[in-house]
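Chains, contacts and geometry: an overview
Below are the chains, spelled out letter by letter.
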There are 2 protein chains.
Amino acid sequence: MRNKLRLLTPGPTPLPEEVRLALAQDMVHHRKAGFKEVLHRVQEGLQWLFGTRQPVLPLTCSGSGAMNAALWNLFAPGERVLVVDAGKFGQRWGDIAQSRGLEITAIRLPWGVAVSPAQIQEALDNDPSIRGVLVQASETSTGVLHPIREIAEITKVRETLLVVDGISAVAISPCPMDDWGVDCLLTGSQKGLMLPPGLAFIALSPRAWNEVERHPCAVAYFDLLRERENCGKNQTLFTPAINLLNGLDVSLHLFRKQGLEEIFRKQWALTCMTRAGVQALGLDLMVKENYTWGLTSILLPQGMDGQRLLEIAARDYGVVMAGGQDHLKGRIVRLGHMGHVDFADILAGIYALRQSFKACGGHSGSRDYLEISLAAYQQALDHKT
Amino acid sequence: MRNKLRLLTPGPTPLPEEVRLALAQDMVHHRKAGFKEVLHRVQEGLQWLFGTRQPVLPLTCSGSGAMNAALWNLFAPGERVLVVDAGKFGQRWGDIAQSRGLEITAIRLPWGVAVSPAQIQEALDNDPSIRGVLVQASETSTGVLHPIREIAEITKVRETLLVVDGISAVAISPCPMDDWGVDCLLTGSQKGLMLPPGLAFIALSPRAWNEVERHPCAVAYFDLLRERENCGKNQTLFTPAINLLNGLDVSLHLFRKQGLEEIFRKQWALTCMTRAGVQALGLDLMVKENYTWGLTSILLPQGMDGQRLLEIAARDYGVVMAGGQDHLKGRIVRLGHMGHVDFADILAGIYALRQSFKACGGHSGSRDYLEISLAAYQQALDHKT
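Residues numbered from 1 in each chain as written. Chains lettered and ligands numbered in written order. Predicted model: local features only at pLDDT ≥ 70, side-chain atom pairs only at ≥ 80, totals over all residues. Heavy atoms only, no water.

Things to note about the packing of helix α11 (residues 260–280) of chain A against helix α14 (residues 369–383) of chain A
Residues and elements named next belong to chain A.
- Contact pair α11 / α14: the axes reach a minimum separation of 7 Å and the direction vectors enclose 155°. On the basis of their axis angle, the class for α11 and α14 is roughly antiparallel. Crossing hand, α11 versus α14: right-handed. Residue-level contacts link R265, W268, A269, L270, C272, M273, A276, G277 and A280 of α11 to Y369, I372, S373, L374, A376, Y377, A380, L381 and D382 of α14. (Axes fitted to C-alpha atoms, helices over the stretch in contact; angles between N-to-C directions. Helix = DSSP H or I, 4+ residues; strand = E, 2+ residues; numbered from the N terminus. Parallel < 35°, antiparallel > 145°, perpendicular 65-115°, else oblique. Left-handed = near helix turned anticlockwise from the far one by under 90°. Contact = heavy atoms within 4.5 Å.)

In structure tokens:
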């Protein structure tokens, strides 16, 4: 039997047909008038999505590339940063900071736990030399949502930059950059934005730009000052990923027709739906509170072969989910509900989860798990307006 | 009147329909079995195209990103390199080398002139501390082909790495890396490879890898050692541009069906066709000898408005060509004949060039210019087998 493929990983995500058709367009030249219009429109859309009046610079690289760009532009070797290390991507902040030659103070948390604003406050009080806080809005390896708004309350009254990896947060849950006082927000194309990977986006606050202006970036490819200069002329510093930008033009158009509230309402409802279904199946949610809106992590019973579960779900039901990373490999399932995904995909996902769980020797849970999921979905839609 | 758009710039280039359909495919996950097969196939195809037994690493960035990667991995600050500065992209080598903290010896040449092997020999004889030669195979800003094979004869018997930007050369004119003794060959996706921009590829010789192993790369995004490790497992270090790699899988398949000889034969024939047509129109070729096979640069008469000429060609004939860069802005036309372009596109290009040239006050040239072009094309096809 050949089921449809349903990609329910926390990125890359399924693409809308309109975006796919845009990706297939024949090439145009990136320095000519027509494409400058695309870049202009895309810029307006990105500023709207990021909630900023600052330029949102498109970079041709993955999200990790934008993380590199942030640290190479904002800090000089020897400066100290505070890293929130609560998962694989928190560790990545640490790794990049280290390769950049920064001094690191780390808040190490068990995977699945969000940092508390008090921990940030304490670390900054203890060491006023800390120049920046590096954190994920959403830690994709676990599904934790860190309290960016509250952290910003702490950093914005100090000379400490708040640098936020919004890779699995932007266009998934609110993070209005200017309103909250985030100094650097970045994301990749393959999560909330309903695009293939290959583009990243980064925006800086005025005080973050002041830092950038103080020292030139040694990595020419990630020179944000020169990117900003080009952005003002509806260009990019280097030849950009043209077809991905054409796709972005379409996905932003789809978003603007809906409005931000509606995007977030859907993400919230899919999150509630997934969590309710998982619980109705008698499975354990890995993140009890402060959970992200783009994926749900499910703890498997001790001894169950999580890799086999994923293979069964993919082979027999066409549902592709992700497993855990590092010490969580085989121990959790990460069910993504971001990008071009709707309630029917999640129904398929929950059903595939149940069937593959049973095939691996798990118990069966409530018979009403699908109705319970849908009821949670509907309730969230009705109340979150 | 609405003519078809013909993109005759030296990158980006038109795309085959098969590639465009691959670009439009819905997303798959980059760490799952199906995509690993794509990466495996693509790796074999790239090694064939580069003429190397070393891994050819795909990077999600533009060609300039790969130039950054080369210098950050191969050299340490304070080491000296020889830069062949004969155009915009030679200058770019210099700029990146400078930002990397390298000491630079430059061979500065008038734009349109190729470096001679004797000049390289002399520079290396004068300063044995030079650790690398940075050069373009094809200088896209002018259309000059530097003598890579002859330069490699000089570098391979010394402790000097030959680092070649093959951005407008790979899949356009021969540059068999292992045979010639090139130490680093890199390219971008949007020139000979018939893909949109957004991917770059880099391969290193065994002795170049030795250099990389001696010092870790500070820019985590461009860590070639870790990329090589991932490549061996049919993965990439970071989330790659999946849809571009799917497109590459198709374009490499198209190339392999033809064979390298056939690819180069077509490129050579289109070059001969364009040059014959330009000369028959009484226009001046900017590069008299050592010209590249992917674009032809045409010098305009003093005082003619080259920008206007390009606008007329695009508006009235649908033919998009490129102008000059920097001091050549408005002074030359660069007619690209790389990527998915055939003789009929070049006929349209030559006709549009003639008509827009006349509209700008130019003379009309031979009445037989199209027949002359086609005869040169046919002759090249027949003799270059």
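There's more to say after this.
Focus: the sheet that holds strand β11 (residues 284–285) of chain A
Residue and element names in this part refer to chain A.
- The strand order across the open sheet built from four strands is β11-β12-β15-β14, with neighbouring strands paired in antiparallel fashion. Looking at which strands have only one partner, the edges of the open sheet turn out to be β11 and β14 (322–323).
- The sheet contact formed by β11 and strand β12 (residues 295–299) spans two bridges and is antiparallel. The residue of β12 that forms the bridge with L285 is I298. (Pairing = 2+ DSSP bridges.)

Quick word on the pairing of β12(A)
Residue and element names in this part refer to chain A.
- Counting buried positions along β12 gives four out of five residues, so the element sits mostly inside the fold.
- With five bridges connecting them, β12 and strand β15 (residues 332–336) associate as antiparallel partners. Opposite I298, over in β15, you have V333 as the bridge partner. (Buried < 20%, exposed > 50% of the residue type's maximum accessible area, 1.4 Å probe, protein only.)

Comments concerning the pattern of salt bridges
- Evaluated as defined, the whole model comprises 30 salt bridges over all chains.
- Residues R6(B) and D345(B) are paired through a salt bridge, measuring 2.9 Å at the closest nitrogen-oxygen approach. Of the two residues, R6(B) is situated in strand β1 (residues 6–7) and D345(B) in helix α13 (residues 343–359); the sequence distance between them amounts to 339 residues.
- Counted as one network, the salt bridges with shared partners bring together E79(A), R131(A), E211(A) and R214(A). (Salt bridge = Lys/Arg side-chain N within 4 Å of Asp/Glu carboxyl O.)

Concerning the packing of aromatic side chains
Residues and elements named next belong to chain B.
- By the definition in use, this model includes 16 aromatic pairs over all chains.
- Seen from their ring centres, Y221 and F238 are 5.3 Å apart, and the 20° between their planes marks the pair as stacked. Of this pair, Y221 sits in the loop between α8 (206–214) and α9 (224–231) while F238 sits in the loop between α9 and α10 (242–258); the two residues are 17 residues apart in sequence, bridging distant segments of the chain.
- A ring pair is formed by Y317 and Y351, whose centres lie 5.6 Å apart and whose planes are at 85°; its orientation type is edge-to-face. (Phe/Tyr/Trp six-rings, centres within 6.5 Å; stacked < 30°, edge-to-face > 60°.)

Observations regarding the UniProt feature "modified residue: N6-(pyridoxal phosphate)lysine" (unreviewed entry) in chain A
Residue and element names in this part refer to chain A.
- UniProt tags K191 as "modified residue: N6-(pyridoxal phosphate)lysine" (unreviewed entry).
- Exposure remark for K191: the relative accessible area of 8% places this residue in the buried category.
- In contact with K191, not counting residues within four places along its chain, are P10, G11, T13, T140, I167, S168, I172, M338 and G339.
- Within the structure, the side chain of K191 is placed 2.7 Å from the backbone oxygen of P10, a separation counted as a polar contact. (UniProt positions renumbered as here; feature names shortened; annotations may be inferred. Polar contact = N/O pair within 3.5 Å; in protein donor to acceptor, adjacent residues only side chain to side chain.)

What about the relation of the copies chain A and chain B?
- Rotating chain A by 180° about the axis while translating it 0.0 Å along that axis superimposes it on chain B, leaving an RMSD of 0.0 Å. With respect to symmetry, the two chain copies, as superposed, fit the operation of a two-fold axis.
- Most of the interface of chain A is mirrored in chain B: 100% of its interface residues are interface residues there too. (Least-squares fit on C-alpha atoms with pLDDT ≥ 70 in both.)

Notes on the interface of chain A and chain B
- Contact with chain A, which involves 48 residues of that partner, is made by 48 residues of chain B.
- Between the two partners, chain A and chain B, sit 14 residue pairs in polar contact (both at pLDDT 80 or more).
- Looking at the side of chain A that touches chain B, the elements that each hand over two or more residues are α1 (17–23), α3 (63–74), α4 (88–99) and α10 (242–258) of chain A.
- It is α3(A) that provides the largest number of residues to the side of chain A that touches chain B, a total of four residues.
- Classifying every residue of the side of chain A that touches chain B gives 27 nonpolar, 16 polar and five charged. (Nonpolar A, V, L, I, M, F, W, Y, C, P; charged D, E, K, R; others polar.)

Details of helix α9 (residues 224–231) of chain A
Residues and elements named next belong to chain A.
- Turning to α9, its buried residues number three or more, namely L224, E227, N230 and C231. Projected down its long axis, α9 shows its buried positions confined to an angular sector of 115°, all on one face.
- Tucked inside the fold, the buried residues of α9 contact α2 (33–50), β2 (56–59), α3, β10 (200–204) and α8 (206–214).
- The backbone nitrogen of L225 lies 3.3 Å from a side-chain oxygen of the residue at the head of α9, namely D223. (Arc of directions from axis to C-beta.)

Some points on the nonpolar core
- Residues I120(A) and I120(B) are the most contacted members of the largest nonpolar core, which totals 188 residues.
- Here I120(A) is in contact with L82(A), V84(A), I107(A), V115(A), V133(A), I151(A) and I154(A), once residues within four sequence places are set aside.
- Counting residues in each nonpolar core, the second largest holds 76 residues, with C61(A), C217(A), W93(B) and L186(B) among its members. (Core = buried A, V, L, I, M, F, W, Y, C linked by side-chain atoms within 4.5 Å.)

Observations regarding helix α13 (residues 343–359) of chain A
Residue and element names in this part refer to chain A.
- Taking 1.5 Å as the rise per residue, α13 with 17 residues should run 24 Å; its terminal C-alpha atoms sit 24 Å apart, in good agreement.
- The complete set of buried residues in α13 reads D345, I346, G349, I350, A352, L353, R354, Q355, S356 and F357.
- For α13, the N-terminal cap is D342; the gap from its side-chain oxygen to the backbone nitrogen of A344 is 3.1 Å.
- Phi turns positive, to about 95°, at G361, one or two residues after α13. (Expected span 1.5 Å × (residues − 1).)

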